[in-house]
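If you want the building blocks of each chain, they are given just below.
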Number of protein chains: 2
Amino acid sequence: MPNTDDVLRDIDGNFDNTLRKLLELVSIPSISGDPSGDEGIARAAEWLKRELSSIGLTADVVQTKGHPVVLAQSIGNRNEKRPRLLFYGHYDVQPIGDLNQWKHPPFEPRIIEEDGLHCFYGRGTSDSKSQLWTFIEALRAWKHTFGEFPADVIVMLEGEEECGSQSLPEFIHTHRDELACDVAFICDAEMWSATQPAITTQLKGLVHERVTISAPNPDLHSGHYGAVAANPIRIMAAILAGLHDDHGRVAIDGFYDGVKDIPDAVRLQWRALSQEAGLLGDVDLTGGLMERGYSSLEAMWGRPTVDINGITGGNQGPGERSVLPGSATARLSFRLVAGQSPETIRQRFRNHIESRLPEGCLVEFEGHGGSSAVVLSRESPYLKAAARGLEKEWKTPAILRGTGGAIPLVEQLSEALETECVVIGFILPSDAIHAPDERYDSERLRQGARSWIRIFEEIQLQSDGKA
Amino acid sequence: MPNTDDVLRDIDGNFDNTLRKLLELVSIPSISGDPSGDEGIARAAEWLKRELSSIGLTADVVQTKGHPVVLAQSIGNRNEKRPRLLFYGHYDVQPIGDLNQWKHPPFEPRIIEEDGLHCFYGRGTSDSKSQLWTFIEALRAWKHTFGEFPADVIVMLEGEEECGSQSLPEFIHTHRDELACDVAFICDAEMWSATQPAITTQLKGLVHERVTISAPNPDLHSGHYGAVAANPIRIMAAILAGLHDDHGRVAIDGFYDGVKDIPDAVRLQWRALSQEAGLLGDVDLTGGLMERGYSSLEAMWGRPTVDINGITGGNQGPGERSVLPGSATARLSFRLVAGQSPETIRQRFRNHIESRLPEGCLVEFEGHGGSSAVVLSRESPYLKAAARGLEKEWKTPAILRGTGGAIPLVEQLSEALETECVVIGFILPSDAIHAPDERYDSERLRQGARSWIRIFEEIQLQSDGKA
C-alpha cells in the first residue's frame with residue numbers, strides 16, 4: 001500500500017514534465033479583457049480540458065456570456081462519506097501593457113538560471129497559471145500513486161478573473177449542484193515570504209469604473225481656444241486630484257459609511273507581522289501617499305482605497321500637437337473592506353464626479369458588477385488542516401494574512417453557496433504580477449504541488465478522526 | 001495692356017484647375033511631428049517645387065536638419081526699383097489624431113455641396129494648404145496675364161510649422177540674403193468672419209513641453225500596492241490641477257513677470273470687436289475656465305496661458321487592468337505674450353514641477369526652442385496697402401486683430417532680419433483646424449486668390465506714388 005511519501009516522490013520524479021507542460025500553458029496568450037486575447041482564451045480552455053481529462057477527471061469547457069469556465073469532476077457517484085473538495089484557479093491573464101517594458105517576451109517562457117533559482121518569465125507565470133498547475137499536478141500524482149483521488153474532486157478554472165468575473169454569478173447559480181462541496185480551495189494568493197507559506201483569511205472587494213469627461217466641443221486648436229474653452233484633461237486632473245484629502249483619506253461623500261476600523265486584536269497581530277520585510281519584496285514606498293494613521297500593512301489589507309489605473313486624453317502621438325481635446329478618460333478601481341457594497345460605492349463615486357462637473361460638460365461612466373470584501377473564519381477545520389499541511393512541507397508555520405487583492409469567487413461561494421473557502425497560493429511580491437517581466441521559479445512550483453499532497457493527507461487524517 | 005480685372009477673370013476662369021490641384025496637394029499626407037509623415041512631407045515638397053517652377057519661379061527643395069523648406073524666387077537680377085515681396089506658407093499638417101473621430105477621410109478630399117457652399121474635408125485643407133495655394137494661384141494668374149510678376153518674388157514654404165519650426169532659425173540665418181525683402185506676407189491666419197477679412201497684428205509665442213513622472217517602482221498590482229506606493233497618475237493629476245489658481249491664473253512662480261496688462265486703447269478696440277459673434281464660430285465656451293477679469297477675446301489674444309494637450313498613463317487597453325503604473329506623461333503648451341521668453345517660461349515650469357515632486361519620484365522633461373510673442377506695427381505702408389486690397393475684394397474693411405496662435409517665422413523675420421511682416425489668411429473658426437474633419441470651401445479659396453491681386457495692385461499704386 002503506497003503512502004504520501006510515494007506521491008511526493010512521484011511529483012519530484014515527474015517534475016521536468018510538470019514544468020514543460022506549464023510553460024506550454026504560459027505560452028498561450030489567454031489575455032482577458034481585450035478582444036485580442038479571445039483566441040488564446042479558447043485555446044487555453046481546450047488545452048486545460050485535455051489535461052484534466054488525461055488525469056482521470058471528466059472535463060468540459062462550459063461557455064458563458066463571457067469567457068468559458070473549465071469544469072472537471074472526479075468520475076462516479078458521489079461518495080457521501082468522502083469529503084468533496086473544490087479547487088479553483090484562473091487561466092486568464094492580464095494584458096501585457098507596454099511590450100517595450102518587457103525584457104523577456106511575455107509568451108515565450110524558458111528556464112533561466114538566476115540568483116540560484118530556475119526562473120521563467122511570462123505573463124501569467126505567477127498569476128495564475130503556476131498556481132492552478134500546483135493542484136492539477138498534485139491530483140495527478142495522488143491518482144497515479146493511489147489509483148484514486150484523495151476525495152471527491154471538482155476543478156473549476158475561470159477565464160475572466162482579470163477582467164471582473166462578470167459571468168461568475170450566473171455560472172455559479174446555474175451549476176450550484178455540481179459546485180456543492182465541503183470546502184473550496186482558492187489557489188490564487190500570496191505566500192508570506194519565499195520560505196514561509198500563508199493562508200489568506202481577509203480579502204478586499206473590487207469595483208472597476210471608467211469615466212469619460214467630454215467638453216461641449218470636439219477637439220479644438222489649443223492656441224485659439226485654450227484660454228477660454230473647457231479642457232477635459234484639466235477638468236479630469238482637478239477631479240482626480242480631489243479624490244483624496246490632505247490626510248490621504250478618500251474624499252468621496254459617504255465612502256467610509258459602514259466601515260469599521262481594524263479591530264485591535266487584528267491590528268496587534270498585523271503589527272507583529274509587519275516587522276517582516278518580505279511583504280513588500282522590492283517595492284519602494286518612497287513618495288507613496290498613504291492614509292494617515294495606518295501602517296503600510298494596515299492600509300494594504302484593512303483600509304478601503306481608490307486607485308487610478310489609467311488615464312488617456314488628447315495627443316498620444318510621438319510629436320507635439322496643439323490640441324484642446326474633446327474628451328479625457330480615466331480608469332479607476334476601488335478596493336473595498338467589510339461594510340462597503342460595490343453598488344453603493346460606484347453610485348457615490350458617480351455622484352461625486354457629477355457634482356464637480358463644470359456646466360456644459362458631459363460625463364459617461366462604464367462599469368458594473370464588482371465584489372465585496374470577505375473575512376473568512378480562522379477557526380474552520382479545513383483551514384486548520386491546510387495550515388498543518390503547509391507547515392509540514394515548508395517546515396515553518398503558515399501565516400494567516402490579509403490581502404489588498406480581490407477574488408470575486410470567494411464572495412460568491414462563501415456567501416451565495418455558504419461554502420467554506422480556504423485561500424492558499426504560492427505567489428510572491430517579487431513575481432511582478434500585473435507588471436512587465438512577470439516571473440516564477442520552478443522550486444516554488446514543485447513545493448506548491450507537494451504542499452497539496454500534505455494538505456490532502458491532513459484532510460484524510462481529519463476525516464478519519466485521526467487529526 | 002491688360003489690367004487687374006483681366007487677372008481676376010483669369011483666376012475665375014482657371015478655378016476648376018486651381019481646385020483640382022489643391023485637392024491633389026491635400027491628398028498628400030504631409031504630417032510633421034510624426035515619422036509616419038516623412039514620406040508625405042518629401043512628396044509634398046517635390047510637388048510644390050514642380051508647381052512653383054511651372055509658374056516661372058526658380059524653385060528648390062532645401063534640406064534642413066528637420067523637414068525641407070521649398071524656396072522659390074523670380075528669375076533674374078533684383079530690380080532695385082521694384083519692391084521685393086516674400087510669401088510664406090507651410091505645407092506640413094497636424095497629425096490626424098483619432099481616425100474614428102473623422103466622418104470624412106483625412107486625405108481623400110472631394111467637393112461636397114453643403115450649406116450652399118462647395119466644401120472639402122481633409123487634414124490641411126484649411127491649415128494651411130488652401131492658404132499657400134491662394135498666393136501661388138495669384139502669382140500664376142498675374143504672371144500669365146502681364147507676362148511678369150507684380151514685384152520681385154520669394155516664396156518660402158515650411159515643413160515644420162506644426163511641430164515647432166525647429167530648423168527655421170538656422171535656415172533663416174543661412175539664407176538671409178535670399179530672404180531679404182521689403183515685406184513678408186505670412187499667409188496662415190484667420191479672417192474675422194466668413195464675409196470680413198482681417199490682418200493679424202498680434203501673435204502669441206509658443207512653448208511645447210512634455211513631462212514624464214516616474215515612481216520608484218515599475219508597474220505594480222494596484223490591489224496589493226495601491227494603498228501605499230506612489231501612483232504617478234495621481235501625482236500628475238495633483239500637479240496639473242495646481243497649475244491654475246482659483247482665479248484661473250497660472251500658478252507658476254514668476255509666470256507673469258514682465259507681462260504688461262493689455263493697454264486700454266487696445267482693450268477698447270477689442271471690446272468693440274468682441275460684440276461680433278463670428279470669432280468663436282460654433283465653439284461653445286460653457287464650462288471653460290477663463291482667467292478672471294478678462295473678456296474671452298482678451299484672454300485669447302492678450303493673456304498668456306498654459307494648456308494641457310495630452311495625458312497618458314497606465315492602462316490604455318480596452319479592458320480593465322489593476323495596475324499601479326510606473327509612470328505618467330503629460331504634454332503641455334504655453335502661449336506667451338510680449339515680455340515672456342520661451343526659455344524662462346520653460347525653466348519656471350520645470351522648477352514648478354520639480355518643487356512639487358514627491359520624494360523618490362523622478363521627472364523627465366522633453367522640449368526645446370519655442371517662439372516669443374510678436375506685436376506688429378499697425379501703421380506700416382504695406383499693412384495699409386494690404387488692408388485696402390482686402391477691402392476692395394471683400395467690400396468691407398479688414399479688421400486688425402490678434403490671435404492665440406503662433407507663427408514662429410514672424411518672430412524670426414521681424415526680429416532677426418528686421419523685415420516687415422504682414423499676417424493675412426483666410427481661415428475661419430468653423431474650419432476645425434487641428435481637429436477631426438478639418439474643412440475649407442472653394443469660394444473662400446477663390447476670393448483668397450483674388451485678394452492677393454487686389455493687394456498687388458495697391459502695392460504697385462503705392463510704389464508708383466499713386467496710393
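These numbers were taken from a predicted model, which means no experiment stands behind them. (Residues numbered from 1 in each chain as written. Chains lettered and ligands numbered in written order. Predicted model: local features only at pLDDT ≥ 70, side-chain atom pairs only at ≥ 80, totals over all residues. Heavy atoms only, no water.)

## Some details on the packing of aromatic side chains
Following the criterion strictly, the structure yields 36 aromatic pairs over all chains and no others. A centroid spacing of 5.4 Å and a plane angle of 75° characterise the contact between Phe185 of chain A and Trp452 of chain A, whose relative ring orientation is edge-to-face. Residue Phe185 of chain A is found in strand 7 (residues 183–187), and its partner Trp452 of chain A is found in helix 14 (residues 442–463); the two are separated by 267 residues along the sequence. We classify Phe185 of chain A as buried; its relative accessible area is 0%. According to the relative accessible area criterion, Trp452 of chain A is buried, its value standing at 0%. Consider the rings of Trp270 of chain B and Trp301 of chain B, whose centres lie 5.2 Å apart with planes at 85°: the pair is edge-to-face. (Phe/Tyr/Trp six-rings, centres within 6.5 Å; stacked < 30°, edge-to-face > 60°. Helix = DSSP H or I, 4+ residues; strand = E, 2+ residues; numbered from the N terminus. Buried < 20%, exposed > 50% of the residue type's maximum accessible area, 1.4 Å probe, protein only.)

## Here we look at the sheet that holds strand 9 (residues 205–214) of chain B
Strand order across the open sheet formed by eight strands is 14(A)-9(A)-13(A)-11(A)-11(B)-13(B)-9(B)-14(B), with antiparallel pairing between neighbours. Strands with a single pairing partner mark the edges of an open sheet, and in this sheet they are strand 14 (362–366) of chain A together with strand 14 (362–366) of chain B. Sheet twist, expressed as the mean angle between neighbouring strand axes with direction ignored, is 25°. Examined bridge by bridge, strand 11 (residues 305–314) of chain B and strand 13 (residues 327–336) of chain B share eight bridges and lie antiparallel to one another. Looking at the pairing, Ile308 of chain B lines up with Leu332 of chain B of strand 13 of chain B. Against the sheet, helix 8 (residues 232–241) of chain A contacts strand 9 (205–214), strand 11 (305–314) and strand 13 (327–336) of chain A together with strand 11 of chain B, and its axis sits at roughly 20° relative to strand 13 of chain A. Packed onto the sheet, helix 11 (residues 342–356) of chain A meets strand 9, strand 13 and strand 14 of chain A and runs at close to 25° relative to strand 9 of chain A. (Pairing = 2+ DSSP bridges. Axes fitted to C-alpha atoms, helices over the stretch in contact; angles between N-to-C directions. Contact = heavy atoms within 4.5 Å.)

## A word on the pairing of strand 2 (residues 69–74) of chain A
Side-chain positions along a regular strand alternate between the two faces of the sheet. All names here are of chain A. The buried fraction of strand 2 amounts to five of the six residues, a majority that puts the element mostly inside the structure. Between strand 1 (residues 57–62) and strand 2, which pair antiparallel in sequence order, lie six residues. Direction of pairing for strand 2 relative to strand 6 (residues 152–158): antiparallel, over a ladder of four bridges. Looking at the pairing, Gln73 lines up with Ile154 of strand 6.

## Describing the pattern of salt bridges
Here the structure, examined in full by the defined rule, presents 74 salt bridges over all chains. Note that Glu320 of chain A is salt-bridged to Arg331 of chain B, the shortest N-O span being 3.7 Å. Of the two residues, Glu320 of chain A sits in the loop between strand 11 and strand 12 (323–324) while Arg331 of chain B sits in strand 13, which places them in two different chains. Using a relative accessible area of 16% as the deciding quantity, one classes Glu320 of chain A as buried. We classify Arg331 of chain B as buried; its relative accessible area is 6%. As a salt-bridge pair, Asp219 of chain B and Arg321 of chain B come within 3.4 Å of each other at their nearest N and O atoms. With Asp219 of chain B in the loop between strand 9 and strand 10 (220–221) and Arg321 of chain B in the loop between strand 11 and strand 12 (323–324), this pair connects stretches of sequence that are 102 residues apart. Both residues of the pair, Asp219 of chain B and Arg321 of chain B, count as buried. Sharing partners across several salt bridges, the network here consists of Arg249, Asp261, Arg267, Arg271, Glu291, Glu298 and Arg303 of chain A. (Salt bridge = Lys/Arg side-chain N within 4 Å of Asp/Glu carboxyl O.)

## Describing the relation of the copies chain B and chain A
One copy of the chain maps onto the second through a rotation around an axis plus a translation along that axis. It takes a turn of 180° to lay chain B on chain A, together with a shift of 0.1 Å along the axis; the resulting RMSD is 0.1 Å. The relationship between the two copies is best expressed as a two-fold rotation axis. Both copies share a contact surface, since 100% of the interface residues of chain B are interface residues in chain A too. (Least-squares fit on C-alpha atoms with pLDDT ≥ 70 in both.)

## Here we look at the environment of Val259 of chain B
All names here are of chain B. Along the polypeptide, Val259 turns up in the loop between helix 8 (232–241) and helix 9 (264–273). Accessibility expressed as a relative area gives 17% for Val259, which makes it buried. As for Val259 and Gly339, which are separated by 80 residues in sequence, their C-alpha atoms are 5.0 Å apart. Filtering out sequence-adjacent residues up to four positions away, Val259 remains in contact with Arg303, Pro304, Val337, Ala338 and Gln340.

## Examining empty space enclosed by the protein
Evaluation of the coordinates by the stated rule reveals five cavities of 30 Å³ or more. Taken as a whole, the largest cavity spans an internal volume of roughly 280 Å³. Glu161, Asp188, Gly405 and Ala406 of chain A together with His221 of chain B are, among the 27 residues lining the largest cavity, the residues nearest its centre. Going through the elements one at a time, strand 8 (198–203) and strand 9 of chain A are the ones with two or more residues in the lining of the largest cavity. (1 Å grid on protein atoms, 1.4 Å probe; cavity = no way out; pocket = protein on both sides within 12 Å on 5 of 7 lines; lining within 4 Å. Points joined across faces, edges and corners; volume = space filled by probe spheres on them.)

## Considerations on the domain arrangement of chain A
Residue and element names in this part refer to chain A. Split by domain assignment, chain A resolves into domain 1 (4–203 + 373–463) and domain 2 (205–269 + 301–314 + 322–366). Computed from C-alpha atoms alone, the centre-to-centre distance between domain 1 and domain 2 is 34 Å. Facing the twelve residues of domain 1 at the interface are eight residues of domain 2. For the domain 1 and domain 2 pair, buried surface summed over both sides reaches about 900 Å², with 55% attributable to carbon and sulfur atoms. For the pair domain 1 and domain 2, the interface holds zero salt bridges. Where domain 1 touches domain 2, the interface holds three residue pairs in polar contact (both at pLDDT 80 or more). Mapped by element, the contributors of at least two residues to the side of domain 1 that touches domain 2 are strand 8 and strand 16 (399–402). (Domains from an automatic or database assignment. Buried area = accessible area lost by both parts, 1.4 Å probe. Polar contact = N/O pair within 3.5 Å; in protein donor to acceptor, adjacent residues only side chain to side chain.)

## Topic: the interface of chain B and chain A
In this assembly, 85 residues from chain B lie in contact with 86 residues from chain A. Carbon and sulfur atoms make up 54% of the area that chain B and chain A hide from each other, which totals about 7,200 Å². Of all residues in chain B, the largest losses of buried area upon contact with chain A belong to Arg234, Glu320 and Arg321 of chain B, amounting jointly to 11% of the total for that side. Counting across the interface, chain B meets chain A through four salt bridges. In this structure, the salt-bridge partner of Glu320 of chain A is Arg210 of chain B, at a minimum N-O distance of 2.8 Å. For the side of chain B that touches chain A, the secondary structure elements donating two or more residues are strand 9, strand 10, helix 7 (222–225), helix 8, helix 10 (296–302), strand 11, strand 12 and strand 13 of chain B. For the side of chain B that touches chain A, the per-class residue count stands at 35 nonpolar, 35 polar and 15 charged. Summarising the sheet, strand 11 of chain A and strand 11 of chain B pair through five bridges and their orientation is antiparallel. Residue Gly310 of chain A lies in a different strand from strand 11 of chain B, and its bridge partner there is Gly314 of chain B. (Nonpolar A, V, L, I, M, F, W, Y, C, P; charged D, E, K, R; others polar.)

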